[in-house]
Amino acid sequence: MEWCVSMPKIELHAHLNGSIRDSTLLELTKALIGKGAINFSEVEHIILKYNRSVEEVFKLFDLIHILTTDHNTVARITREVIEDFASENVVYLELRTTPKRNDSVGMSKRSYVEAVLKGLRSITSVDVDFIPHCEDSKTLFTPAPAIDGHARKRIFVRLLLSIDRRETTEAAMDTVKLALEMRPYGVVGIDLSGNPSIGDWTTYLPALKFAREQGLYVTLHCGEEIKNMLDFRPQRIGHACFFEDEHWRQLKSSNIPVEICLTSNVRTMTVPSIDVHHFAHLYNAKHPLVLCTDDSGVFSTCLSKEYKIAADSFGLGRREMFELSRNAVEYIFADSKIKEDLRRNFNSVAKKYG
Ligand code: 6MZ
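Since we're looking at a predicted model, the values are computed, not measured.

**Some details on helix H2 (residues 22–32)**
Then comes step 1: Among the residues of H2, those classed as buried are Thr24, Leu28, Thr29 and Leu32. Each buried residue of H2 sits inside an arc of 135° when the element is viewed along its axis, so together they form one side. In H2, the exposed positions that point more than 90 degrees away from the buried face belong to Asp22 and Lys30.

If you want it as structure tokens, here you go:
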């Protein structure tokens, strides 16, 4: 496990509200007990369960959202989630979250994203780079980078705004417009996520098309409406569950990188078990893929653990895992300057993992 932690890693599929520390969730829950916002007898069995069905996971998210949707908490969980990823040597993180309105605390989708940015700015324990650079800026970080070992940690963070499958076309469009407004503050793209049994592709399509026309990157949770999603040709897809032969053919010919979330897929039973996970199939076919956590809080995992699980389950060694991690640089939604910086950093420690 040690080298999985020390190795530089790239996280491209992490939901903010799915990545909250257990201790923070517990603290927030305690603060709400007795205030009538939650009926614990109704949700206790879901909180305590280990393997949750997809439906139960989304019930849990509804509960988490009751606990977290105020400005201070959003800022706090953002800070903690980034600190946690940085602490296990994640050097580039694309954090995704669904902008939410909460009239009871005066929250708009915009002020939600501003709270996320406030959380980003409040981090002092690690060096965080989240504002895109102008073309001629020479250095990305000061002091000089040190991504391996015990030097002060540094992490690039970029944001994706999620459209929830419960949303209307107008609400989805609002999120895309907000993402465009927030581009100078590190928002780079749009994600489509949420309960796969809800909603219809045609509802989000106008917003997704608009996002792409405007130069935002798009990634889609892809386990339903698969053909439509692949036809759209997003820059990445998440999961790739429930694919049939024709979908695999289409995916491979399109070369769309896949964000693989092993623990999430096994825990939600969207794949029967790790040994039949499509990771092996895609890896052997040399299809672009990246290991990710999905919801490190909800599924009690972290990126280092996901690397360890992949290494153990598919018989991959240190060198292969390092290459897997390094290859992810090519699939990030950030500019070429950051890619170059990350490539340099990976190269500087490559010998250790050879
Ligand atoms: C689909 C998921 C998800 O946006 O409130 N989300 N959508 N599949 C998954 N795999 C199990 N995990 C998380 O983070 C929580 C939200 O992200 C989406 C859901 O819409 C969930 O409500 P944010 O920060």
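Structure's up, so let's keep going.
**Comments concerning the confidence of the model for the protein**
Then comes step 1: Residue-level pLDDT values for the protein average 92, and 92% of them are 70 or greater.
Then comes step 2: Across the predicted assembly, pTM comes out at 0.94 and ipTM at 0.99.

**As for the packing of helix H7 (residues 169–181) against helix H8 (residues 201–213)**
Then comes step 1: Running from amino to carboxyl end, H7 crosses H8 at an angle of 15°, the nearest separation of the two axes being 8 Å. In terms of orientation, H7 and H8 fall into the roughly parallel class. Taken as a pair, H7 and H8 cross one another with a handedness that is right-handed. Contacts between H7 and H8 involve Thr169, Ala172, Met173, Val176, Lys177 and Leu180 on the former and, on the latter, Thr203, Pro206, Ala207, Phe210 and Ala211.
Then comes step 2: For the contact of H7 with H8, the residue count by class is eight nonpolar, two polar and one charged.

**Observations concerning the pattern of salt bridges**
Then comes step 1: By the definition in use, this model includes 27 salt bridges.
Then comes step 2: Arg166 is the salt-bridge partner of Asp164, the closest N and O atoms lying 3.1 Å from each other.
Then comes step 3: Asp312 is the partner of Lys308 in a salt bridge, and the nearest nitrogen-oxygen pair spans 2.8 Å. Taken together, the residues span about one helical turn, with Lys308 and Asp312 both in helix H13 (residues 303–314) at a distance of four residues.
Then comes step 4: Taken together, the shared-partner salt bridges connect Arg21, Glu27, Arg76, Arg79, Glu80, Glu83 and Asp84 into one network.

**Comments concerning the pairing of strand E1 (residues 9–15)**
Then comes step 1: With seven of seven residues buried, E1 lies mostly within the body of the structure.
Then comes step 2: In the sheet, E1 pairs with strand E2 (residues 90–97) via five bridges, with the strands oriented parallel. For His15, the partnering residue across the bridge sits in E2 and is Arg96.

**Description of the side chain of His287**
Then comes step 1: Turning to its location among the elements, His287 is positioned in the loop between helix H12 (278–284) and strand E9 (289–291).
Then comes step 2: A distance of 2.7 Å separates a polar side-chain atom of His287 from the backbone oxygen of Ile256.
Then comes step 3: When residues no more than four places from it in sequence are discounted, the contact partners of His287 are Leu251, Lys252, Asn255, Ile256, Pro257, Val258 and Leu282.

**Points about the nonpolar core**
Then comes step 1: Ile10, Leu208 and Phe279 are the most contacted members of the largest nonpolar core, which has 99 residues in total.
Then comes step 2: Contacts of Ile10, omitting those with residues within four sequence positions, involve Val91, Tyr92, Val290, Leu291, Leu303, Ser325, Ala328, Val329, Ile332, Leu342 and Phe346.

**Points about the pairing of strand E7 (residues 236–239)**
Then comes step 1: Bridge count between strand E6 (residues 217–222) and E7: four bridges; the pairing is parallel. Among the inter-strand pairings, Leu220 is bridged to a residue of E7, identified as Ile237.
Then comes step 2: A crossover links E6 with its parallel partner E7, the connecting element being helix H9 (residues 226–232), and its sense is right-handed.
Then comes step 3: Judged from the two bridges that link them, E7 and strand E8 (residues 258–260) form a sheet pairing that is parallel. Bridge pairing links Ile237 to Val258 in E8.
Then comes step 4: Of the crossover connections in this fold, the one passing from E7 over helix H10 (residues 245–254) to the parallel E8 is right-handed.

**A word on the packing of aromatic side chains**
Then comes step 1: Taken as a whole, this structure holds eight aromatic pairs when the rule is applied.
Then comes step 2: Pairing Phe58 with Phe61 gives two aromatic rings, centres 6.0 Å apart and planes at 50°, and the pair type is tilted. Of this pair, Phe58 and Phe61 are both found in helix H4 (residues 54–68), three residues apart, which corresponds to roughly one turn of the helix.
Then comes step 3: Sitting above the plane of the Phe232 ring, Arg212 keeps its charged end 3.9 Å from the centroid.
Then comes step 4: A cation over a ring is seen here: Arg236 above Phe333, with NZ or CZ 3.8 Å from the ring centre.

**Looking at the packing of helix H6 (residues 109–121) against H7**
Then comes step 1: For the pair H6 and H7, interaxial distance at closest approach is 10 Å and the crossing angle is 45°. On the basis of the axis angle, H6 is oblique to H7. Where H6 crosses over H7, the two elements pack in a sense that is right-handed. Taking contact as the criterion, the partners of Lys109, Arg110 and Val113 in H6 are, on H7, Ala171, Asp174, Thr175, Leu178 and Glu181.
Then comes step 2: Grouping the amino acids of the contact of H6 with H7 by side-chain chemistry returns three nonpolar, one polar and four charged.

How each quantity is defined
Residues numbered from 1 in each chain as written. Predicted model: local features only at pLDDT ≥ 70, side-chain atom pairs only at ≥ 80, totals over all residues. Heavy atoms only, no water. Buried < 20%, exposed > 50% of the residue type's maximum accessible area, 1.4 Å probe, protein only. Helix = DSSP H or I, 4+ residues; strand = E, 2+ residues; numbered from the N terminus. Arc of directions from axis to C-beta. pLDDT = per-residue confidence, 0-100. Axes fitted to C-alpha atoms, helices over the stretch in contact; angles between N-to-C directions. Parallel < 35°, antiparallel > 145°, perpendicular 65-115°, else oblique. Left-handed = near helix turned anticlockwise from the far one by under 90°. Contact = heavy atoms within 4.5 Å. Nonpolar A, V, L, I, M, F, W, Y, C, P; charged D, E, K, R; others polar. Salt bridge = Lys/Arg side-chain N within 4 Å of Asp/Glu carboxyl O. Pairing = 2+ DSSP bridges. Polar contact = N/O pair within 3.5 Å; in protein donor to acceptor, adjacent residues only side chain to side chain. Core = buried A, V, L, I, M, F, W, Y, C linked by side-chain atoms within 4.5 Å. Right-handed = clockwise from strand over helix to strand, strands pointing away. Phe/Tyr/Trp six-rings, centres within 6.5 Å; stacked < 30°, edge-to-face > 60°. Lys NZ or Arg CZ within 6 Å of the ring centre and 35° of its normal.

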